[in-house]
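Residues per chain, in single letters:
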Amino acid sequence: MSTATVVNSGSPLLRNTIALHAALGLMSLLAATIFVNSADTRILWLLSILMALVLMGGWALQRRLATCIEIDRRLTFLAGCPQVSPQSLKHVSTSDRAATGWNRLVDSACVQRLLDDAQHLITDDHPNDDSIAEHVLSTLSDGICVTDSTGCVLWQNGAVASLLNLDKLNDIDCGLRPFHELFRSFSNLESHRSFLTDHRTVAPMTFELKRGQSTVDGVFRVSRQCLSEAELTCLWTVRDITQQKLSLETRDLFVTAATHELRTPLCNIRAYAETLIAGGDIDPTDERQFLNVILSEASRLDRIIDDLLSISHMQAGSMTLDRHETQIDRLMREVQDSIRPLLDQKSLEFEATIPPRLPELNVDKNKLLAALVNLLGNAIKYTPDGGKIGLEAEHDGHEVRFHVVDTGIGIAPEEIPKLFQRFYRSSDPRVSDIQGTGLGLAFAQDVARLHGGRIDVASELNKGSRFSLILPTALAKLTPA
Amino acid sequence: MTRRQVIVAEDNRVLQDVIRFNLVRAGFDVRTATEGGQVLQLLKESPADLLITDCQMPGMSGLELCIHLRSHPDYRDLPILFCTAKGLEIDPLTLQDLRLPAILCKPFSPRALIEKAHELIRESVVAAQSHSN
């Protein structure tokens, strides 16, 4: 029958439907066979109509059951699958209410699967909130600690161990340890111990702990914030502020040194000017000398301001040269005039050796002069009374060399490579007793380099030093013989 | 009348010269030093009525010099005019402990320096007289 040709599956519902259709068909055929021979034509018609009705009923029943049959077929298929997945669910092609319901069920399962997949992808790429927070805390450069009501560390991030140089085995993994124990080797722990061990105060607090006596050993800002007033748990942050502190110290030293440098000539100018104004019996020779002092101290102030401006440009990396053809012998005489006030403050022997036929150089005269004055200023500062200072110049086919020689305190070999670092000041107490910015040599070296030259240093502790500012003669225009 | 003996300790020779000039003109006998050790040497050679010292000096600083002098029986009452730079003032309690009532901040006027010098010597004489009475 037609139904049997449409359905080729062996499901029970299908089998029952086929059996029903077959039974009705056989009954109609049997009745027709019985009555064809014995009855009249009216009966034949009735039987034909009955058969037609049975066939129409069968067709209607098959239409009605088609969706159920198809769903039944899919369910039977799923029963045979080892694992059910949304991909194995298929829509049915019919369009009655049962089909609509089935199709919605399939859609819903597919959407849920898509949502699950998306969630899975999101979870793989971005951990949940807790692991994100943990990841962030572990990558922070600041140390983070949580302590309980007894001040013992409940949790800490990795930065704590690295900042405080803790030995992982001995210092961290030995169970709960008091927070202040993390700082047990610190130099000023005792003065802050009461804050570190006060577990009852909930007010936030901040203080600084130093690892050693010197700032360079390490300075840490430790802050406490109460997390739970009821449980007295606290959040501690540990920040390394060593560089910040060093920078502030350097700035303070520079300001102190710069104000001292400015104050000294200012003080001299005021004292001499007031002495002259007070009048009285001042010898004309003294009067003239006093005026000269005022003039030279004013020049010194001018030079200091130039130096400060040069330092400012040097700091900004914007120092440029204003080159002109310059007679070196004249430059050297100007250098001597500039350092005269410094020399007059001490009892030093000074000798300048200026050979004949020095070439003209295409240089920034003011900056070269300032660089040489810096070198000579250092020689004067670091040579005790009774010592000797020399300024020499020499040249050959390749270079012009300016030597500043002294019989001063000298420089330790290990300090020579650091001399030209900005703000570097020797740890020798004979140097730290004397005011200085730590910028003079850095400036002089920058000037030499900008001219394509260099500064060489030779020194022996307690014997003296020799600084040589060397410029290439490519800058030179040799004077005629 | 005997000229008062003053020792000036100042490492800035330009300033030292003008201080000396003004003190000599004001009637003082002046000896100079550039650091604390030299002052002790000068005091050993002959006593002084007044010491004018800068605070910052290479070698023995002005403050170290004052501490040393105040602990020495011969110089504990020596009048000292202490000079320091503006911004580098010494803690008032330290000054009180060292009995340094007169402080002059740089840059100072030579007239103020002379006035202070006279004032300190006058007070020292009065104190010595009341002590002997």
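Here, every reference points to the structure presented above.
Since the structure is predicted, the reported quantities are computational estimates derived from the model, not experimental observations. Counting restarts for each chain, with residues numbered from 1 along the sequence as it is written. The lettering of chains begins at A and the numbering of ligands begins at 1, in the order of writing. Residues qualify for local features only when their pLDDT is at least 70, as the model is predicted, and side-chain atom pairs are given and counted only at 80 or more; totals for whole chains, interfaces and linings, by contrast, use all residues.

Caption draft 1: Molecular detail of the sheet that holds strand S12 (residues 464–472) of chain A. Residues and elements named next belong to chain A. Should DSSP find at least two bridges between two strands, the strands are taken to pair. In this text, helices come from DSSP runs of H or I with a minimum length of four residues, and strands from runs of E with a minimum of two, each type numbered from the N-terminal end. The strand order across the open sheet formed by five strands is S7-S9-S10-S12-S11, and the pairing between neighbours is mixed. The sheet is open, and its two borders are formed by strand S7 (349–353) and strand S11 (454–460), each paired with just one other strand. Taken over all neighbouring pairs, the strand axes of this sheet differ in orientation by 10° on average, direction set aside. Note: S7 against strand S9 (residues 388–395), five bridges, orientation parallel. Looking at S9, one finds that Ala 352 is bridged to Leu 391. Contact definition: two residues whose C-beta atoms, as placed from backbone geometry, lie within 7 Å. In this description, a line fitted to the C-alpha atoms serves as the axis of each element, helices being fitted only across the stretch in contact, and the angle between N-to-C directions of two axes falls anywhere from 0 to 180 degrees. Along the sheet, helix H12 (residues 365–381) contacts S9, strand S10 (399–406) and S12; its crossing angle with S10, the most-contacted strand, is approximately 20°. Contacts from helix H14 (residues 440–450) reach S11 and S12 within the one sheet, and its direction differs from that of S11 by about 135°.

Caption draft 2: Main features of the packing of helix H11 (residues 328–344) of chain A against H12 of chain A. Residues and elements named next belong to chain A. Where H11 contacts H12, the two axes come as close as 9 Å, and the packing angle between them is 40°. Classified by the interaxial angle, the pair formed by H11 and H12 is oblique. At the point where H11 passes H12, the crossing takes the right-handed sense. Contact residues: Leu 331, Glu 334, Val 335, Ser 338, Ile 339, Leu 342 and Leu 343 in H11; Lys 365, Leu 368, Leu 369, Leu 372, Val 373, Leu 376, Gly 377 and Ile 380 in H12. Grouping the amino acids of the contact of H11 with H12 by side-chain chemistry returns eleven nonpolar, two polar and two charged. Angle categories: roughly parallel below 35 degrees, roughly antiparallel above 145, roughly perpendicular from 65 to 115, and oblique for all the rest. Should the near helix be turned counterclockwise from the far one by less than a right angle, the crossing is left-handed, whereas a clockwise turn marks it as right-handed. Nonpolar residues are Ala, Val, Leu, Ile, Met, Phe, Trp, Tyr, Cys and Pro. Charged residues are Asp, Glu, Lys and Arg, and all others, Gly as well, are polar.

Caption draft 3: Expanded view of the sheet that holds strand S1 (residues 143–147) of chain A. Residues and elements named next belong to chain A. Taking strand neighbours across the sheet as the criterion, the five strands line up as S2-S1-S5-S4-S3 in an open arrangement whose pairing is antiparallel. Of all strands in the sheet, those bounded by a partner on one side alone are strand S2 (153–156) and strand S3 (205–210). Averaged over all neighbouring strand pairs, the angle between strand axes comes to 25°, with direction disregarded. Direction of pairing for strand S4 (residues 219–228) relative to strand S5 (residues 233–240): antiparallel, over a ladder of eight bridges.

Caption draft 4: Molecular detail of the interface of chain A and chain B. Contacts between chain A and chain B engage 22 residues on the former and 16 residues on the latter. Those elements that place two or more of their residues in the side of chain A that touches chain B are helix H9 (242–278), helix H10 (284–316) and H11 of chain A. Ranked by residues supplied to the side of chain A that touches chain B, first place goes to H9 of chain A with 13 residues. Grouping the amino acids of the side of chain A that touches chain B by side-chain chemistry returns eight nonpolar, seven polar and seven charged.

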